[in-house]
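Structure at a glance
Next come the chains, spelled out residue by residue.
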Amino acid sequence: MSDEVTSNVVVIIEDDDDIRALVEVILTQAGFEVVPTATGIDGIDAVRRKDPDVVVLDVGLPDIDGFAVVRRLREFSQAYVVMLTAHSDEVNVLQGLSAGADTYLTKPFRPRELRARIDALMRRPLHVPRRSGDPHESAPSAAAAAQSESLPRVPTPNTPRSFAHNGLHIDVDIRTATVDGVDVALTRSEFDLLASLVEAGRRVRTKADLAIAMRARAGGESDYVSDADRRTVEAHLGNLRRKLGDLPENCRFIETVRGVGYRLTEAQ
């Protein structure tokens with residue numbers, strides 16, 4: 001029998017005994033139910049059983065690396081993933097974010113910083129869209145499709161949080177996104193990035209703009225943007241474009257304004 005699912009659960013996947021114990025103390029004091037594990041396989045099993053809100057995941061594990069773990073988690077879990085890495089180089093960081101992590105911390109880290117990252121993630125709205133191709137879900141009805149096509153291309157006073165653009169439909173309030181009527185499963189960070197872009201329309205958003213906007217959606221107020229923040233935006237944008245099927249040679253939804261930033265493409 002599986003464990004009873006509770007709210008405010010964190011699964012720790014960390015093979016270093018001292019770090020795992022430290023994270024457990026930090027998050028237990030923060031009011032979470034903490035499930036500590038020492039290997040990738042045990043961690044994946046714990047996530048399946050407990051359906052946690054957050055996973056704190058080490059990159060270097062004794063059985064499978066953290067990148068493989070987060071890719072497996074993204075097959076069935078929408079938990080926030082905080083990756084812990086001993087390497088601060090750009091390739092390592094981008095690999096973790098591209099695999100599906102929401103944010104990362106470089107070891108050694110301060111307990112207060114871990115708490116702050118998790119608190120910011122937990123302030124984001126929770127919505128898990130249907131996965132496309134689910135055999136248990138019926139196809140959209142003709143009426144639903146017609147209603148979808150009638151959504152405005154730009155927000156109006158009556159529907160300020162629904163957007164449609166070249167076959168992309170996004171509802172910011174209930175956090176759903178579809179392309180040509182098919183649901184797109186996005187992480188919280190990817191959805192926040194997409195919402196910031198569609199709300200801006202054809203106005204160009206720099207990487208710094210997008211980093212601040214994503215932080216604000218998570219409840220943060222700081223306007224400081226580091227190089228790591230900009231790299232995070234790049235990684236999430238790359239994942240977002242891939243999931244939307246937005247090919248670089250034929251951009252349908254998002255275009256790059258070289259040397260400036262990003263914006264929506266022209267309406268087709």
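What you see is a predicted model, and the numbers here were worked out from it, not measured in a lab.

A word on the confidence of the model for the protein. Of all residues in the protein, 79% have pLDDT values of 70 or greater, and the mean over the chain is 79. Of all secondary-structure elements in the protein, the lowest mean pLDDT belongs to helix α6 (residues 142–149), at 37, while strand β1 (residues 9–13) reaches the highest, 96. Here residues 1–6 is modelled with pLDDT under 50, and outside its nearest four sequence neighbours on either side it reaches seven contacts, counting other chains as well. Long-range and interchain partners of residues 126–159, a stretch whose pLDDT sits below 50, account for 35 contacts in this model, where long-range means more than four residues apart.

This brings us to the nonpolar core. Generally speaking, soluble globular proteins have nonpolar side chains that are buried together. Ranked by size, the top nonpolar core spans 27 residues in total, and within it L193, L194, L240, L244 and I254 carry the most contacts. Elements with a contribution of two residues or more to this core: β7 (168–171), β8 (176–179), α7 (188–200), α8 (207–217), α9 (227–244) and β11 (261–264). Broken down by element, this core gets its largest block of residues, six residues, from α7. When near neighbours in sequence (up to four residues on either side) are disregarded, L194 contacts L168, I170, A177, L186, L240 and L244. Within the second largest apolar cluster, 26 residues are counted, among which are L57, L97, Y104 and A228.

Turning our eyes to something else, we now look at the pairing of strand β3 (residues 54–58). Across the five residues of β3, five count as buried, placing the element largely inside the fold. Residues of β3 alternate between two faces, with V54, V56 and D58 on one and V55 and L57 on the opposite face, all of them buried. For β3 and strand β4 (residues 80–85), the ladder comprises five bridges, and the chain directions are parallel. If you follow V54 over to β4, its bridge partner there is Y80.

What follows is about the side chain of D171. Among the structural elements, D171 can be located in strand β7. At 3.2 Å, the side chain of D171 and the side chain of S162 are in polar contact. For D171, the residues in contact, after removing those within four places along its chain, are R161, S162, T176 and F191.

We now examine the packing of helix α1 (residues 17–29) against helix α5 (residues 111–122). Close contact between α1 and α5 brings their axes to 10 Å; oriented N to C, the two are set at 55°. Considering the angle they form, α1 stands oblique to α5. The chirality of how α1 crosses α5 is right-handed. Residues V23, I26 and L27 of α1 lie in contact with α5, whose contacting residues are P111, L114, R115 and I118. Residue composition of the contact of α1 with α5, grouped by class: six nonpolar, no polar and one charged.

A word on the UniProt feature "modified residue: 4-aspartylphosphate" (unreviewed entry) in the protein. When the UniProt feature table is mapped onto this chain, "modified residue: 4-aspartylphosphate" (unreviewed entry) is found at D58. Considering the arrangement of structural elements, one finds D58 in strand β3. Looking at D58, the relative accessible area reads 5%, which means it is buried. Setting aside anything within four residues of it in sequence, one finds D58 in contact with I13, E14, D15, G66, L84 and K107.

In this structure, the amide linkage connecting K107 to the following residue, P108, adopts the cis form with an omega of -10°. Looking at the element boundaries, P108 is found in the loop between β5 (103–106) and α5. In this structure, D51 takes a positive phi of about 45° despite not being glycine. As for its placement among the helices and strands, D51 is situated in the loop between α2 (40–50) and β3. Positive phi, close to 60°, is recorded for R175, a residue that is not glycine. For R175, the location among the structural elements is in the loop between β7 and β8.

Thresholds applied
Residues numbered from 1 in each chain as written. Predicted model: local features only at pLDDT ≥ 70, side-chain atom pairs only at ≥ 80, totals over all residues. Heavy atoms only, no water. pLDDT = per-residue confidence, 0-100. Helix = DSSP H or I, 4+ residues; strand = E, 2+ residues; numbered from the N terminus. Contact = heavy atoms within 4.5 Å. Core = buried A, V, L, I, M, F, W, Y, C linked by side-chain atoms within 4.5 Å. Buried < 20%, exposed > 50% of the residue type's maximum accessible area, 1.4 Å probe, protein only. Pairing = 2+ DSSP bridges. Polar contact = N/O pair within 3.5 Å; in protein donor to acceptor, adjacent residues only side chain to side chain. Axes fitted to C-alpha atoms, helices over the stretch in contact; angles between N-to-C directions. Parallel < 35°, antiparallel > 145°, perpendicular 65-115°, else oblique. Left-handed = near helix turned anticlockwise from the far one by under 90°. Nonpolar A, V, L, I, M, F, W, Y, C, P; charged D, E, K, R; others polar. UniProt positions renumbered as here; feature names shortened; annotations may be inferred.

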